[in-house]
Amino acid sequence: MSAITIDLLTQAVMPGGASCLTSVTELEPAAGPHASVAPAKFASPDPRDKKGTYAYEHRYLDGEARTVVLIDSKQSQLNRCEAALAQAVTDGHPVLSRMPRVVVSYDRDGLGEEYSDLTLPHRVFDGHIRAGTVDGQPVTQLAAYRAIRNASPANARALLDASPVSLIFGCWDSSRSARQGRWRSALTGEIVGFCADDRPTSKGGARVDPVGMQVQLGEADLKALADRQRSELSAKNYKSTMAAAAKAKGKPVSASMLGLGGIPPSLEALAGVACQPIIRAHVLSFATLRQIRFGAGPDGDAACRALLAALALNALARSDAELYLRANCDLRERGLAAVEIDQRGGKRLSLEPLCIEAADTLLSEALAEAERAAGVSWAGPALRVAGDPAIVAGAVAEDENGEG
């Protein structure tokens, strides 16, 4: 197998280069083949179904059409890549901490909070950024931010210098009246499990309260209990508790809404799914990167694209090293990732899987070449934005309006 080098990436992002690099890993339940896993759960199309549902599709395996369940979606896999980069930035990684990014700051209850294009859902075009200010001036009126929004595949230098992650993970300036930036992700990936059928079953659940399976309180006691916790209760929980107390009319009522008492066993949750095999697959599209130019000439543009490719692979190496998905979905690798780069005409070149250390070396080399050939400079946050206080004041938990 060949190593992934800066020369390989540079050749791939030049005209006529490779179409894509793929990384495919077979996974299995950490508890063993007898165990089930909890796939990604989605809202059911039936509003009466409060349990949610799983996403089933049909895929080919060894030439046979089979049923798969989506364990982790493309969007979720990219979010995990972003989270891995964000953690490295927080940890003060010598290269990634210098990566250009746009940061939004809020003050919530006297505590400072920071969010960036690595954590905000719409990346550099996110509403939190657009609603903020810099030195009292609206962000949308800043020349630097207008340049970011005006970036195009013909010259994306302003976007590269401010938010390279937006170019590799994709973004859409959907709220703009004209010249909406639409950048497809150069990196994609998912985890699917091949399963027997697409009929989800239910599993049992219960809660035991050692004090008592039922805690019944009168109106005054229930209201007093809710009032003592009001500052830490959600508005919805407090309102429902007070409503239940008001309906008591002198009779004791259950305090279960405040987490008191037990829950009898019942089949009210989706069960796990038995899968074999489980496949994690990622694609880095060099064809996508080749559509972008940066006003640095052929060699400089290639160096910028290679830097983006190295950043994407670094994020992937870090994300793949953390098989952390959700409760009841602990997975482990059955073997090394099978990494390939196509050489056109049906030919493939097998590559060594990237570990974090090798990915760091590759990124450092790509950055040095982009600095030399295109004048790229990584010096940390390109834009620091003060968030609108009204937004953080109006933020509520996802279930406050009966949603989520």
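Our subject is the structure listed above.
The following refers to the structure shown. Computed from a predicted structure; not experimentally measured.

Re the overall build of the protein
(1) Moving on: What the protein contains, in helices and strands, is 12 helices and 19 strands.
(2) Moving on: Based on the C-alpha atoms only, the size of the protein along its principal axes is roughly 80 × 60 × 35 Å.
(3) Moving on: Nonlocal contacts in the protein, meaning residues at least 24 apart in sequence, comprise 76% of its contacts between residues at least 6 apart.
(4) Moving on: For the protein, the exposed area adds up to about 20,800 Å²; of that, 51% sits on carbon and sulfur atoms.
(5) Moving on: Here the protein carries 44 positive and 48 negative side-chain charges, and the mean point of each set is 6 Å from the other.

Side note on the state of the cysteines
(1) Moving on: This model, assessed by the stated rule, comprises 0 disulfides.
(2) Moving on: Left without a disulfide partner, C195 is nearest to the cysteine sulfur of C275, which lies 5.3 Å away.
(3) Moving on: Overall, the relative accessible area of 7% leaves C195 in the buried class.

Some points on the packing of aromatic side chains
(1) Moving on: According to the stated counting rule, one finds 1 aromatic pair in the structure shown.
(2) Moving on: A centroid spacing of 6.3 Å and a plane angle of 65° characterise the contact between Y106 and Y115, whose relative ring orientation is edge-to-face.
(3) Moving on: The exposure class of Y106 is buried, given its relative accessible area of 7%.
(4) Moving on: For Y115, a relative accessible area of 29% corresponds to the partly exposed category.

With respect to helix α8 (residues 235–248)
(1) Moving on: For α8, built from 14 residues, the straight-helix expectation of 20 Å at 1.5 Å per residue is met to within 8% by its first-to-last C-alpha distance of 20 Å.
(2) Moving on: Residue K249 follows α8 closely and has a positive phi angle near 50°.

Observations regarding helix α4 (residues 143–150)
(1) Moving on: Buried within α4 we find Y145, I148 and R149. Down the axis, α4 shows its buried residues gathered within 95° of arc, on one side only.
(2) Moving on: Tucked into the core, α4 has its buried residues touching α3 (127–130), α5 (157–162) and β19 (383–386).

Side note on the pairing of strand β1 (residues 20–29)
(1) Moving on: Within β1, 7 of the 10 residues are buried, which leaves the element mostly enclosed by the surrounding structure.
(2) Moving on: Note that β1 and strand β15 (residues 278–285) share 8 bridges and pair antiparallel. Looking at β15, one finds that T25 is bridged to R280.
(3) Moving on: When β1 meets strand β16 (residues 331–333), the two strands line up antiparallel, connected through 3 bridges. Bridge assignment links P29 to a residue of β16, and that residue is L331.

Some remarks on empty space enclosed by the protein
(1) Moving on: What the rule picks out here adds up to 1 cavity of 30 Å³ or more.
(2) Moving on: Of the volumes computed, that of the largest cavity is approximately 50 Å³.
(3) Moving on: Around the largest cavity, the lining residues are Q77, R80, I191, R280, S319, D320, E322, L323, Y324 and L325.
(4) Moving on: For the lining of the largest cavity, the residue count by class is 4 nonpolar, 2 polar and 4 charged.

Remarks on the packing of helix α10 (residues 297–320) against helix α11 (residues 356–374)
(1) Moving on: Relative orientation of the contacting elements α10 and α11 amounts to 160°, with a least axis distance of 8 Å. Between α10 and α11, the angle is such that the two are roughly antiparallel. Of the two possible hands of crossing, α10 and α11 adopt the one that is left-handed. In this structure, α10 contributes D299, G300, A303, C304, A306, L307, A310, L311, L313, N314, A317 and R318 to the contact, and α11 contributes I356, A359, D360, L362, L363, A366, L367, E369, A370, A373 and A374.
(2) Moving on: Counted by class, the contact of α10 with α11 contains 17 nonpolar, 2 polar and 4 charged residues.

Observations concerning the environment of E365
(1) Moving on: As for its position among the elements, E365 is in helix α11.
(2) Moving on: Judged by relative accessible area, which is 39%, E365 ranks as partly exposed.
(3) Moving on: Along the sequence, E365 and I292 sit 73 residues apart, while their C-alpha atoms lie 21 Å from each other.

Definitions and cut-offs
- Residues numbered from 1 in each chain as written.
- Predicted model: local features only at pLDDT ≥ 70, side-chain atom pairs only at ≥ 80, totals over all residues.
- Heavy atoms only, no water.
- Helix = DSSP H or I, 4+ residues; strand = E, 2+ residues; numbered from the N terminus.
- Contact = heavy atoms within 4.5 Å.
- Areas by Shrake-Rupley, 256 points an atom, 1.4 Å probe, with all protein chains shown as cover.
- Lys, Arg positive; Asp, Glu negative; His and termini not counted.
- Charge placed at Lys NZ, Arg CZ, Asp CG, Glu CD.
- Disulfide = S-S within 2.5 Å.
- Buried < 20%, exposed > 50% of the residue type's maximum accessible area, 1.4 Å probe, protein only.
- Phe/Tyr/Trp six-rings, centres within 6.5 Å; stacked < 30°, edge-to-face > 60°.
- Expected span 1.5 Å × (residues − 1).
- Arc of directions from axis to C-beta.
- Pairing = 2+ DSSP bridges.
- 1 Å grid on protein atoms, 1.4 Å probe; cavity = no way out; pocket = protein on both sides within 12 Å on 5 of 7 lines; lining within 4 Å.
- Points joined across faces, edges and corners; volume = space filled by probe spheres on them.
- Nonpolar A, V, L, I, M, F, W, Y, C, P; charged D, E, K, R; others polar.
- Axes fitted to C-alpha atoms, helices over the stretch in contact; angles between N-to-C directions.
- Parallel < 35°, antiparallel > 145°, perpendicular 65-115°, else oblique.
- Left-handed = near helix turned anticlockwise from the far one by under 90°.

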